[in-house]
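Descriptive analysis of the structure
So the chains spell out like this:
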Amino acid sequence: MAEITNLREAVADLVHDGDVVALEGFTHLIPTLAGHEIIRQRRRDLTLVRMTPDLVYDQMIGMGTARKLVFSWGGNPGVGSLHRFRDAVENGWPAPLEVDEHSHAGMANRYVAGASHLPFAVLRGYEGSGLAAKSETISTVTCPFTGEELAAVAALNPDVTVIHAQRADGDGNVQLWGILGVQKEAVLAAKRVLVTVEEIVDRLDPRPGAIVLPAWVVTAVARVPGGAHPSYATGYSVRDNAFYSEWDTISRDRDTFTAWMTKHVLEAEDATS
Amino acid sequence: MAEITNLREAVADLVHDGDVVALEGFTHLIPTLAGHEIIRQRRRDLTLVRMTPDLVYDQMIGMGTARKLVFSWGGNPGVGSLHRFRDAVENGWPAPLEVDEHSHAGMANRYVAGASHLPFAVLRGYEGSGLAAKSETISTVTCPFTGEELAAVAALNPDVTVIHAQRADGDGNVQLWGILGVQKEAVLAAKRVLVTVEEIVDRLDPRPGAIVLPAWVVTAVARVPGGAHPSYATGYSVRDNAFYSEWDTISRDRDTFTAWMTKHVLEAEDATS
Amino acid sequence: MSTSTIDWTADEMMTVASARALAGARTCFVGIGLPSRAANLARLTDNPGLVLIYESGTLGAKPSVLPLSIGDGELADTADSIVSVPEIFNYWLQGGRCDVGFLGAAQVDRFGNLNTTSIARGDGRPDLRLPGAGGAPEIAAHAGKVLIVVRHSDRVFVEKLSFITSVGFGTGTGFRERLGLRGAGPTQVITDLGILEPDPESRELTLVAVHPGVTVDRVREATGWPLKVDGDLATTDAPTERELTTMRELQARTKEVHRART
Amino acid sequence: MSTSTIDWTADEMMTVASARALAGARTCFVGIGLPSRAANLARLTDNPGLVLIYESGTLGAKPSVLPLSIGDGELADTADSIVSVPEIFNYWLQGGRCDVGFLGAAQVDRFGNLNTTSIARGDGRPDLRLPGAGGAPEIAAHAGKVLIVVRHSDRVFVEKLSFITSVGFGTGTGFRERLGLRGAGPTQVITDLGILEPDPESRELTLVAVHPGVTVDRVREATGWPLKVDGDLATTDAPTERELTTMRELQARTKEVHRART
């Protein structure tokens, strides 16, 4: 059953140096503050996994948390580049960043295979794309019925998956709604699961479009209101589009970035502990 | 876009002799009255597909509608045997019935492959079971990453899928909730789709646990209140458990069965046209 | 346990023993019928936190009456979450989220293999057609362990299955390992006469307990192969009053609700 | 069409031409940015029934303002249905439910292949890192047809891609057929200068229309390979007043809402 704890202890317990860590959330419900706590606790050599690495991964990469990135689209949505990600890949700053690069369809199916305890998933994908030749987690498989050749992608099973959700109850059952992305698969594929939530309630009232992740597939729940900012939590906040634009300026320069991170992350109180 | 029509015309248009037809519904929302209309219209040589053939398939088989059954569990839930199914398999009455027999996991994944436009699906299944040797739609595939051998099942793509749902709007968007079974997959795997509904409403209010099938994946919608009986439609009816028990008596004997079907199906008015 | 002063039937003893076998389990993938009755009794007695998973996609169902089908409204209405049938099999069963799989069967052999497909009747008569596999082959393979509950007779406990629908220990030692199966296989077969467990070495089902009043000879007569008996043969504790009362109330509620609804 | 008497920009012409290209389409799998702007303009003008599908899982989104990200709340709030990301790619895109895929790109070659991964800069400088593939490789493969919208320059329209992220017509005739791709591939590339279409035989992108006031030479200068020009070169109809007004109102609403929210 899920333990109700605080973010600092949850990260200390569940995220270790060298782990394969997925902070998932497709534009919506991105667990930003959990990423900040991982930075504050100076985790190193993480393999960061995520379909759409955005600001929080730019921050983690720029702060030297990651050794490798497994992803399918790494940009600042609606704005442009992730400058820290680019700097790491192009110039090895602050450290070289290995990449394993996929399409969205490939990444999504890698999580599906992981959640299904299968070693791989089959899709029609990567046809004619240069991606297949670049990745050891893309291969092919032949249909035993038709003889067709299809793409195969290796299962993803993170050591830890972290997601942000709207609510949990006191037992640690988690409820989320709105755009759900690949969170359920990322949770069920993981060995350990940390969920940050906007609030903890007595009872999870049924809601249209909501799913419930039972407490027994969640390792720890921490209350972190606003934990998705500048992403959002439907019913609690709206996307801070202005901050996504500002990030372009903050992150473009190494010193500006470092100063901002020092002030806003390293020296920030963990509001939740 | 879905055409709003009546059951008689929909079956006349969409279900043809020799078709592969799936009437899906996992205990809940079984499209019984659509099956009766198929019987009344004297369709022949159908390949009937369904995870859990129950009373309506017993009726269709007993009335000589089917040439073949593709399934994973063919019983009267909570009661016992399907006598018409057994009589067809054991004694060839009223006609021999070919079977392609799977496990639930295999059937579910066959629909998933069909909905995904893949020729097959991978699962860990049928290990040590005699089923694999009996079916041409079960094979194996080797993981290109780990070398593990896994089960493969051939995709299912029915000519027609028929489901029963709670509601549709005037455009033919369909809403269903409660136990959803494999209906979404069966719909998306099919070439043509008929949905019978309890009611047609102006607007599909969001509801907890509900999914919406957009009108553009549905061929025809027909209003058939009570169309799932003796199965049920959450929010509209409860399961008629007594009828499931009665069916055991009705169906045990060929003559009793035929008399019942003549009176209650062949000579019944199509209440919906 | 305080033994009940009231009478009980062999079927009741079987259900009580089955419910007890779920002590400590967190999640149970439940078949309809006897398994569902036992799992709900466990939830209402010693294992209130037991999560029931039905193949209709209901996670954490807490029915107040026994469902007659695997997809009764009662299961959906009381579930923590309802997921699709592909999801329940792929993410939750195959994904390794079910500690216990609870199955019935028409035939069981000495290695806990199950037949629910067809039974040879001989004399040129056609095979008797059974409902088929349902979820059982993958429950038998993937659940952390498997419990089997069946009424004891030599028509059920047979020397050789007419068909292997779901695998137990196959041909014995090492069989599951060679197939790479994740789950531990059938750890107990609970009947109306006693309890069988696989021998740790040979994996052959062995009588480890008889229910009160049942003799070993009676169990042997009802078993279609020469049944091995454990050296430390136990006698099952009789149902307690609480177990009996809870079970009977559950069944009375079930009967009443199902009568009222139809 | 009645030509507008008000001025318009090349970017506006591009968006209007892109929206017109969606006439008759039922479902469109939409990339964020220029494709999303054009698809929403189509929905607000000539194709009100157009179903917009975003890779965040929103089916039938009807945003009143343009989303800034692929997963804005506005898309979820106005969708007919929200499905998971695995589902949107497996059942809806790969399943063949998207008539049109609408893409942008950093580089396009003469066969409509797209690069969104990285760009070689030469001089020993490291490759310029782009965001990557996202949904594009499978949109390019599976959508019934693909529309591409990009601003025209010889940095975009290049002789040779630094990397093939998403395939158009590969090396030309027969390439898609050999790969067994379901979709027809890029049927139009719409830019701020004109419209290119694949030659029916060679599949090489050919200039079939220039926007009002644009010369062929100007398009050639902005294209990194010797551009072929169709014998029946057309001139695009200028934006109508309705198209311009609708687009500008949409953008004004967008600006206002996004300012108000932050």
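Remember, predicted model here, so these are calculated numbers, not experimental data.

**Some thoughts on the domain arrangement of chain A**
Residue and element names in this part refer to chain A. According to the domain assignment, chain A contains domain 1 (3-102 + 157-266) and domain 2 (113-154). In this structure, domain 1 and domain 2 have C-alpha centres spaced 27 Å apart. In terms of surface lost to domain 2, no three residues of domain 1 exceed D100, E101 and H102, which account for 68% of the buried area on that side. Along the contact surface separating domain 1 from domain 2 lie 1 salt bridge. Residue E101 pairs with K134 through a salt bridge whose shortest N-O separation is 3.3 Å. The tally of links between domain 1 and domain 2 comes to 6 residue pairs in polar contact (both at pLDDT 80 or more). Of all the elements in the fold, those that place two or more residues in the side of domain 1 that touches domain 2 are β7 (98-101) and α7 (183-189).

**Comments concerning the sheet that holds strand β8 (residues 120-123) of chain A**
Residues and elements named next belong to chain A. The antiparallel open sheet is built from 3 strands, whose spatial order is β8-β10-β9. At either margin of the open sheet sits one strand with a lone partner, and together these are β8 and β9 (138-142). In this sheet, neighbouring strand axes are inclined to one another by 40° on average, regardless of whether the strands run parallel or antiparallel. Relative to strand β10 (residues 149-154), β8 is paired through 4 bridges, and the arrangement is antiparallel. Residue pairing in the sheet places L123 in a bridge with A151 of β10.

**Let's talk about the interface of chain C and chain B**
Reports of interface size often rely on the accessible area that becomes lost once the parts have come together. Taken together, the contact pairs 42 residues of chain C with 44 residues of chain B. Roughly 3400 Å² of surface becomes buried between chain C and chain B when both sides are summed, with 62% attributable to carbon and sulfur atoms. Its largest share of buried area at the contact with chain B, chain C owes to R129, P131 and E138 of chain C, together 19% of the area lost on that side. Counting every contact that joins chain C to chain B gives 2 salt bridges. Between R129 of chain C and E101 of chain B there is a salt bridge, with its nearest N and O atoms 2.4 Å apart. At the level of elements, α3 (73-78), α4 (85-93), β9 (128-129), α5 (136-142) and α8 (241-261) of chain C are the ones that each hand at least two residues to the side of chain C that touches chain B.

**Let's talk about the state of the cysteines**
Residues and elements named next belong to chain D. Per the stated rule, a full pass over the model turns up 0 disulfides over all chains. The thiol of C28 is not disulfide-bonded; the next cysteine sulfur, from C98, is found 8.3 Å away. Using a relative accessible area of 0% as the deciding quantity, one classes C28 as buried. Given a relative accessible area of 2%, C98 falls into the buried group.

**Brief notes about helix α2 (residues 32-40) of chain A**
Residues and elements named next belong to chain A. Among the 9 residues that make up α2, 8 are buried, leaving the element largely enclosed by the rest of the structure. Buried within α2 we find T32, A34, G35, H36, E37, I38, I39 and R40. Note on α2: the residue one or two positions beyond its end, R42, has a positive phi of about 55°.

**A word on the packing of aromatic side chains**
Scanning the entire structure with this criterion turns up 18 aromatic pairs over all chains. Considering the side-chain rings of F71 of chain A and F85 of chain A, the 5.4 Å spacing of their centres and the 75° angle between planes classify their relative orientation as edge-to-face. Of this pair, F71 of chain A sits in strand β4 (residues 66-71) while F85 of chain A sits in helix α4 (residues 83-91); the two residues are 14 residues apart in sequence, bridging distant segments of the chain. Geometrically, the ring pair formed by F243 of chain B and W260 of chain B is tilted, given 5.7 Å between the ring centres and 45° between the ring planes. Linking F243 of chain B in helix α8 (residues 241-252) with W260 of chain B in helix α9 (residues 254-266), this pair joins segments that are 17 residues apart in sequence. Just as F243 of chain B is buried, W260 of chain B falls in that class too.

**A closer look at the interface of chain A and chain D**
Between chain A and chain D, the contact holds 44 residues from the first and 42 residues from the second. Both faces considered, chain A and chain D share a buried interface measuring about 3400 Å² in area, 62% of it formed by carbon and sulfur atoms. The largest share of the area that chain A buries against chain D comes from E90, E127 and I179 of chain A, three residues that together contribute 16% of it. On the surface where chain A and chain D come into contact, there are 18 residue pairs in polar contact (both at pLDDT 80 or more).

**Describing the sheet that holds strand β10 (residues 149-154) of chain B**
Residues and elements named next belong to chain B. Strand order across the open sheet formed by 3 strands is β8-β10-β9, with antiparallel pairing between neighbours. In the strand order of this sheet, the two ends are held by β8 (120-123) and β9 (138-142), each with one partner. The sheet shows a mean angle of 40° between the axes of neighbouring strands, direction not considered. The sheet contact formed by β9 and β10 spans 5 bridges and is antiparallel. Across the sheet, V141 pairs through a bridge with L150, a residue of β10.

Calculation rules
Sequence order as written defines residue numbering, which begins from 1 separately in each chain. Lettering for chains starts from A, numbering for ligands starts from 1, and both go in the order in which the items are written. Side-chain atom pairs in this predicted model are given and counted only at pLDDT of 80 or more, local residue features only at pLDDT of at least 70, and totals for whole chains, interfaces and linings cover all residues. As a rule here, side-chain values cover all heavy atoms of the structure and leave hydrogens and water aside. By convention here, the domain bounds are inherited from an automatic or database domain assignment. We define buried area as the total accessible area lost by two parts upon association, computed with a 1.4 Å probe and summed across both. We define a salt bridge as a contact between a side-chain nitrogen of Lys or Arg and a carboxyl oxygen of Asp or Glu at a distance within 4 Å. Polar contact is the term for a pair of N or O atoms within 3.5 Å; when the atoms are in protein, one must be able to donate a hydrogen and the other to accept it, and sequence-neighboring residues count only if both atoms are side-chain atoms. Put simply, DSSP H or I for four residues or longer makes a helix, DSSP E for two residues or longer makes a strand, and each gets a number counted from the N terminus. Strands were regarded as paired on the criterion that DSSP finds at least two bridges between them. Note on method: axes are straight lines fitted to C-alpha atoms, helices fitted across the in-contact stretch only, with angles between N-to-C directions ranging 0 to 180 degrees. It only takes one pair of heavy atoms within 4.5 Å for two residues to be counted as in contact. Disulfide: a pair of cysteine sulfur atoms within 2.5 Å of each other. Buried means the residue's accessible area, taken with a 1.4 Å probe over protein chains only, is under 20% of the maximum for its type, while exposed means over 50%, and partly exposed covers the values in between. Working definition: rings of Phe, Tyr and Trp (its six-membered ring) pair if their centres are within 6.5 Å, and the pair is stacked with planes under 30 degrees apart, edge-to-face with planes over 60 apart, and tilted otherwise.

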